[in-house]
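Coordinates in review
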Amino acid sequence: MRVIRSPIRACISGRKKVFATALKSKRHSGKAKRGHLCFDAAFETGNLGRVDLVGEFEYDLFLRPDTCNPRYRFWFNFTVDNVKQDQRVIFNIVNMNKSRNLFKDGMTPLVKSTSRPKWQRLPRCEVFYYKSPVHQNHYVLSFAFGFDKEDEVYQFALTFPYSYSKMQAYLNAVELKFPEAFERSSLGMSIQNRKLELITFDDVKKPDKMDPKNVIHMVVILARIHPGESPASYVVQGLIEFLAAANQPISKALREHVVFKIVPMLNPDGVFLGNNRCNVIGHDLNRSWNRLSQYTHPTLSAVMKMLKEYDNSSCYQVDFVIDLHAHSSLTGTFIYGSTYDNVYRYERHLVFPKLFATKCEDFCQEHMMFNADDRKSGTARRYFVEALSDNVNTYTLEVSMCGYFLNGTNILTQYTEDGYMRIGRNLARTFLEYYRFTNILPIPPVDELRPRKGRPRTHRPRARSKTRSEVRVRPKTTRAYAPISYTDLSICYDSATSEDGSPVRYMYGHPGHGGGGGGLRMRPHIHQDQFSLSNIQAARFSNLDFSSDFRLKVGSRGKGQAGSTAAESKMPPIEMLSVPPKPHLTIIDFNQLTRGGLEEATAGKTLEREKEKIRRHTVKSSSRKA
């Protein structure tokens, strides 16, 4: 890798970096001045071809194409050191071969440093993807960055890198932690003599006599056939961790009924070299399944040989072959499948994607595709349809390099390393649902699938009583209102003619005026209880002003006479006297209902009633005296 731009030139040979500056006619060599950036990609999975200094703070970066194939230039992974504190620069990646990619939809590069080893995405406001007229109208990825610390090594990458050495270290750690969970072996060697690892999960009890009805079901997972699609390795890691967990009832049930064969890295040479799509001799392995060669595609030949042996065996039945990829142009997680002339086979082929869609919240059905394109005849998905038996379902599982949109929203959620591993765990749960759906796996109880995690004694809630009081249901009864009759008020009218057995009692006179004469007046029954309902209801009418039509009139003989007899008085009929008049409700002027108006209006009406009572009493007294 070279930096060709005066006054800065950097040459890298292997692991050695030489920095030189040219000042006029005199050249100086040695350690670079602080702030003159040094770029390095001479490490595993690293990729950067050339760097040009085009301004005081701007650099043009050229990606190195895949080995022996200049067509593919998309993956980048490089480091920058010898920075100055608070130094701001602009990097332009000018020779990407794919103009249609996720940088148009919000994807940003990743960065980490020596003191901050966790990968972080650059802010979207600092990343630009555009067609540049300065670079022959090619698409350019530009991003601004500020180096905040000196003596730090900053690393930039397209997505989360996953090297061949990291895979080896991870498998060694899992093998030490779960020595009896899986079997680790080697299918063969690559062109550059790197191992083609094979992970086998097989706890299935082998029957004594082989029966076509008791075949052993098998799932084959392939990953990392394209070196630049590193998220596929994280999906595989999540799947391996889930299946290797001894305390997980789901993984235990899967291992005891299904055999899993996992090839975590099909192209170890391309991963090590930092290629984007090809192996060491420039072949795209996912377009080479239909033209296998032991010399140019040794890893593919070893996998195909294994699949043929198990597919032709009478003991095993290969149910799935799933090829894991990462997509650089689409978001979310989705599946590519094939179409078949046999309707029943095609319907069976659709079951697994539908179950997988229910397990993943990031599944995107819009990008799912089933076809029989002849241009993809060299892919694993299309080649295994013809090369293997009809029982095998082959899929391509794609995960986005960027992220996914939440359901029904335009919010883009960026994937993380754990997010990719979660897809692998969801893949294992989908296998559980599928084999339960096809009656291969027994349905375990819910308590075994989801065991309750124990909590510390300090956080345990208080013990509740085992006996619970039963809640008695209130009986359904109809609610009826008791009718109130005016005849039950026990009101007695005084009258001279009360001895005819009428239901209404008439009494003569007044205790103070003798029994023979006196005006006609009302008084309550002597034997009535004062707290009875009738008496309480009657009290409501005691202060009301009855209409004058129902008032008994007393005829006068003239001045000086005490009164008139009952025969001479004109009395209303008995039917009218048996029902008392209805109360007359006073009306309050609502214009007076302001602050204090209600009290004033009520007080005014009360005062009028008191005056009316005094006036009536005065009239009665004067008539008696007369």
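Residues numbered from 1 in each chain as written. Predicted model: local features only at pLDDT ≥ 70, side-chain atom pairs only at ≥ 80, totals over all residues. Heavy atoms only, no water.

The name that an unreviewed UniProt entry assigns to the chain is Peptidase M14 domain-containing protein, with the source organism given as Anopheles arabiensis. The chain has a UniProt comment under Cofactor (unreviewed entry) that states "Zn(2+)". (UniProt positions renumbered as here; feature names shortened; annotations may be inferred.)

The UniProt record annotates "active site" (unreviewed entry) at Glu398. As for its position among the elements, Glu398 is in strand S22 (residues 393-400). Owing to a relative accessible area of 8%, Glu398 belongs among the buried residues under this scheme. Excluding its chain neighbours within four sequence positions, the residues that come into contact with Glu398 are His325, Ala326, His327, Gly332, Thr333, Phe334 and Tyr336. (Helix = DSSP H or I, 4+ residues; strand = E, 2+ residues; numbered from the N terminus. Buried < 20%, exposed > 50% of the residue type's maximum accessible area, 1.4 Å probe, protein only. Contact = heavy atoms within 4.5 Å.)

Across the 7 residues of strand S9 (residues 87-93), 5 count as buried, placing the element largely inside the fold. Pairing between strand S7 (residues 58-62) and S9: 4 bridges, direction parallel. Within S9, the position partnered with Glu58 by the bridge is Ile90. Pairing between S9 and strand S13 (residues 138-147): 7 bridges, direction antiparallel. (Pairing = 2+ DSSP bridges.)

Once that is clear, we can look at the sheet that holds strand S5 (residues 38-40). Read from one edge to the other, the open sheet built from 5 strands follows the order S5-S8-S14-S10-S11, with strand pairing classed as antiparallel. Sheet topology places S5 and strand S11 (120-121) at the edges, where each strand pairs with a single neighbour. Both strand S10 (residues 110-112) and strand S14 (residues 154-157) contribute to a ladder of 3 bridges, which runs antiparallel. Of the residues in S14, the one forming a bridge with Leu110 is Ala157.

Moving on, we come to helix H8 (residues 380-387). Of all 8 residues that make up H8, 6 are buried, and the element is covered over most of its length. Residues of H8 that are buried include every one of Ala380, Arg381, Arg382, Phe384, Val385 and Ala387, and no others.

A word on the sheet that holds strand S21 (residues 369-371). Read from one edge to the other, the open sheet built from 8 strands follows the order S15-S16-S18-S17-S19-S22-S20-S21, with strand pairing classed as mixed. Of all strands in the sheet, those with a lone pairing partner are strand S15 (183-189) and S21, marking the two edges. Strand-to-strand twist of the sheet, defined as the mean angle between neighbouring strand axes without regard to direction, takes the value 20°. Examined bridge by bridge, S15 and strand S16 (residues 195-201) share 6 bridges and lie antiparallel to one another. Within S16, the residue paired with Arg184 across the bridge is Ile199. Together, S16 and strand S18 (258-263) form the strand contacts of helix H3 (residues 249-257), whose direction differs from that of S18 by roughly 95°. (Axes fitted to C-alpha atoms, helices over the stretch in contact; angles between N-to-C directions.)

Geometrically, a packed helix pair is captured by the angle between its two axes and the distance between the axes. Running from N to C, helix H2 (residues 231-244) and H3 point in directions that differ by 90°, and their axes come no closer than 7 Å. One element, H2, and the other, H3, form an angle in the roughly perpendicular class. Across from Phe242, Leu243 and Ala244 in H2, the residues of H3 making contact are Ile250, Ser251, Leu254 and Arg255. (Parallel < 35°, antiparallel > 145°, perpendicular 65-115°, else oblique.)

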